[in-house]
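# Survey of secondary and tertiary structure
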Amino acid sequence: MKFTTKCGDLLDALNTVKGAVPSKSTLPILECILFEQEDDALRLSATDLEISIVRKLPVQFETNGTPEANTVAVPAKRLTDTLRALPADMPIDFSTDADFEIRMDTDQGHYKMVGHDGDDYPELPEISGKHEITTEGNLLRRAIDKTSFAVSKDALRPAMMGVYFQVGTDETKAVATDGHRLVKLVLPTLTAAEEVNFIVPEKATKLAGRVVEDDEICTLAVDEGHVSFEFGNSRVLARLIDETYPNYQAVIPKENEKRLTINREDMLNAVRRVGLYSSSMTNQIRLQISGDSVTISAEDVERSSEAEEVVKCDYDSDDMEIGFNSEYLTEVLSNVTSEEVVFQLSSPNRAGIVVPVDQEDDEDILMLIMPVMLKSYA
């Protein structure tokens, strides 16, 4: 295989697929990126056996009289580090011989490394395409960005370690929860011919969100065990989480009649500042809601520190005191775009709901956050 391209173009393609390259693996070949010729394009593939990414890059091939192009697995880190250190617009000649010795030539010099036989690289899964959904890239990115932060990291609850997609004929719900926070995003414009539910691992959703462009059309293909996100010259494939997602609807309270309306940015900044003075073990902050203001306070007895801020709000129910984890509340408020948000509350020991006052076009988002017990009512 021999081809010519620009360093920047090749590096950009490598940056797309390297997200699937494991940093350490018992199979050294997985720490490589597979180079294959596919018509007039270079096909780059990477996998950790759970998630795979493929990217096609148009390049100028030279046959050198050989009837077929061979494939080679190239060490990912050394190659990307080399290209990153070269000017982006510099042409580079890439070649490999029958012994899988790789040579790269530029105007500044040449570089050699040893690759692996591409035939030894694990085969990527084939998606049967039992269900196919077409959507806009910006819609998919929004679904991922607004839910993935709430995915659980607890390996004992594998079903919650991904984003749950409920794709229907009239709308799609994307849900994520870790037991402390929950996000439900309803997308009326994302539909399919048949209903299909599946759980995508968090890493796969984030990689897909990083690759997709807002103006691209994305095709989701789902079969019994895998999902693929295909857009432009890139494709992300992942093994689905084969678990039953918990009944999240059962934990969303329906009788939270106390409504607190507040400026999102004012609340977010106050929570961030006061949270710096909370206990490093619990990150607990206290919200004292009364009349037209909410007092946000925290203390850390071990470090003899405390903080308190008052934020104006609109609240017409009984006075109330409730505690939250400052980090969880910060993430919830950070993933709402409305100028104002509404806290729907009931009692200090029941989950609070956060919704934007103004929902974005073509979406309906609801966030839930569990309270933490305060000494005053524990």
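This write-up is about the structure you can find in this document. (Residues numbered from 1 in each chain as written. Predicted model: local features only at pLDDT ≥ 70, side-chain atom pairs only at ≥ 80, totals over all residues. Heavy atoms only, no water.)

## Notes on the side chain of Ser 52
Looking at the element boundaries, Ser 52 is found in strand β4 (residues 51-58). In terms of polar contacts, Ser 52 uses its side chain to reach the side chain of Thr 47, at 2.8 Å. Excluding residues within four positions of it along the chain, Ser 52 makes contact with Ala 20, Ala 46, Thr 47, Leu 124, Pro 125, Arg 235, Val 236 and Leu 237. (Helix = DSSP H or I, 4+ residues; strand = E, 2+ residues; numbered from the N terminus. Polar contact = N/O pair within 3.5 Å; in protein donor to acceptor, adjacent residues only side chain to side chain. Contact = heavy atoms within 4.5 Å.)

## Notes on the packing of aromatic side chains
A complete count under the given rule lists six aromatic pairs for this structure. Ring centres of Phe 165 and Phe 198 lie 5.4 Å apart, and the angle between their planes is 20 degrees; this geometry places the pair in the stacked category. You can see Phe 165 sitting in strand β12 (residues 162-167) and its partner Phe 198 sitting in strand β15 (residues 196-201), a full 33 residues away along the chain. Comparing Phe 165 with Phe 198, the two get one shared label, buried. Through successive ring pairs, a cluster of aromatic residues spans Phe 3, Phe 35, Phe 61 and Phe 94. (Phe/Tyr/Trp six-rings, centres within 6.5 Å; stacked < 30°, edge-to-face > 60°. Buried < 20%, exposed > 50% of the residue type's maximum accessible area, 1.4 Å probe, protein only.)

## Here's the deal with unusual backbone geometry
Of note, Leu 49 is a non-glycine position whose phi angle comes to about 80 degrees, a positive value. Mapped onto the fold, Leu 49 is located in the loop between β3 (41-47) and β4. One non-glycine residue, Asp 362, adopts positive backbone phi at about 60 degrees. You can see Asp 362 is positioned in the loop between β25 (352-356) and β26 (364-369). Classification of Asp 362 as partly exposed rests on a relative accessible area of 44%.

## Details of helix α5 (residues 264-275)
The terminal C-alpha atoms of α5 lie 16 Å apart, and with 12 residues this matches the ideal 16 Å at 1.5 Å per residue to within 8%. Of all the residues in α5, the buried ones are Arg 264, Met 267, Leu 268, Ala 270, Val 271, Val 274 and Gly 275. Taken around the axis of α5, the buried residues stretch over an arc of 165 degrees, which confines them to a single face. For α5, the elements touching its buried residues are β19 (258-263), β20 (284-290), β21 (293-300), β22 (305-315), α6 (326-334) and β24 (340-345). At the N-terminal end of α5, a side-chain oxygen is found 3.1 Å from the backbone nitrogen of Glu 265, two or three residues along, and the residue is Asn 263. (Expected span 1.5 Å × (residues − 1). Arc of directions from axis to C-beta.)

## Here we look at the pairing of β19
As defined by bridge partners, β19 adjoins β24 across six bridges and the pair is classed as antiparallel. Residue pairing for β24: Leu 260 is matched across the bridge by Phe 343. One ladder, built from three bridges, connects β19 with β22; its direction is antiparallel. Along β22, the bridge assignment pairs Ile 262 with Cys 313. (Pairing = 2+ DSSP bridges.)

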